[in-house]
Amino acid sequence: MEGARSVVAGVSLAISLVALGISALTLLASPPAGGSPPARVDLELLITGRGAIGGSAESHLFDPQLLVVRRGDTVRLRVLNLSHFRHGLEFAGLGVRTGALHGGAAEVVEFAADRPGIFEYRCYLPHDPATGTCAPDHDRMVGHLVVVEGRR
């Protein structure tokens, strides 16, 4: 069983790296003559559980776990909590966070991707089974926002 999880984790990592590479190449492609101005990028992020339909979740995750934008873009991110637990999303180092989202709740955050880098996002609410806040796998609920320099 542990070996199967390692294989799944390895495949997931490989797919994420390929997606990151393709996204970076797409964003770094030469813009039309005169360059392109920063764009407004509309994205959606789900907080969800993985497991049998109708059963309890085996784990919780962000979908997608990787977001890529260009420096200077204005990011409009709709966060939707599809889990049965309360979660709050925070981007480390960017000062961006949602409020506490109960299951079925959504919130839109907007921010400028003003510097290149890789920024981790995670649930900032500590796991508390008494209140239904976050989940036992809280420490593994991690995603990344990649802000690439990109040509203008």
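No experiment lies behind these values; they were computed from the predicted model shown.

Caption draft 1: Seen up close, the nonpolar core. Counting 26 residues, the largest nonpolar core has V69, L77, L89, F91, Y121 and L145 as the members making the most contacts within it. The element that contributes the greatest number of residues to this core is strand β1 (residues 40-50), accounting for 4 residues.

Caption draft 2: Highlighting the packing of aromatic side chains. Enumeration according to the criterion identifies 3 aromatic pairs in this entry. Ring centres 5.5 Å apart and planes at 45 degrees place the aromatic pair F91 and F111 in the tilted group. Separated by 20 residues along the polypeptide, F91 in strand β5 (residues 89-91) and F111 in strand β7 (residues 106-112) bring together distant segments of the chain. Classification of F91 as buried rests on a relative accessible area of 2%. For F111, a relative accessible area of 8% gives the class buried. Ring centres of F91 and Y121 lie 5.1 Å apart, and the angle between their planes is 50 degrees; this geometry places the pair in the tilted category. Of this pair, F91 sits in strand β5 while Y121 sits in strand β8 (residues 117-123), placing them 30 residues apart in sequence. For the pair F91 and Y121, a shared accessibility class is recorded, and that class is buried. An aromatic cluster is defined as three or more aromatic residues linked by ring pairs; in this entry it consists of F62, F91, F111 and Y121. Between the NZ or CZ atom of R97 and the centre of the ring of Y124, over which it lies, the distance is 3.6 Å.

Rules behind the numbers
Sequence order sets the numbering: in each chain, residues are counted from 1 along the sequence as written. Local features in a predicted model are, by the rule used here, given only for residues with pLDDT of at least 70; side-chain atom pairs are given and counted only at 80 or more, and totals for whole chains, interfaces and linings are based on all residues. To get the side-chain values, all heavy atoms of the structure are used, and hydrogens and water are removed first. Throughout this description, the term nonpolar core refers to a set of buried Ala, Val, Leu, Ile, Met, Phe, Trp, Tyr and Cys residues connected via side-chain atoms within 4.5 Å. Per-residue accessibility, obtained with a 1.4 Å probe over protein chains only, is compared with the maximum for each type, and a residue is labelled buried under 20%, exposed over 50%, and partly exposed between these values. Numbering of helices and strands runs from the N terminus, with a helix taken as a DSSP run of H or I at least four residues long and a strand as a DSSP run of E at least two residues long. Any two of the Phe, Tyr and Trp rings considered here, Trp counted by its six-membered ring, make a pair once their centres fall within 6.5 Å; the pair's planes then place it as stacked at under 30 degrees, edge-to-face at over 60, or tilted in between. Here, over-ring charges are defined by two tests on the NZ atom of lysine or the CZ atom of arginine: distance to the ring centre within 6 Å, and angle to the ring normal within 35 degrees.

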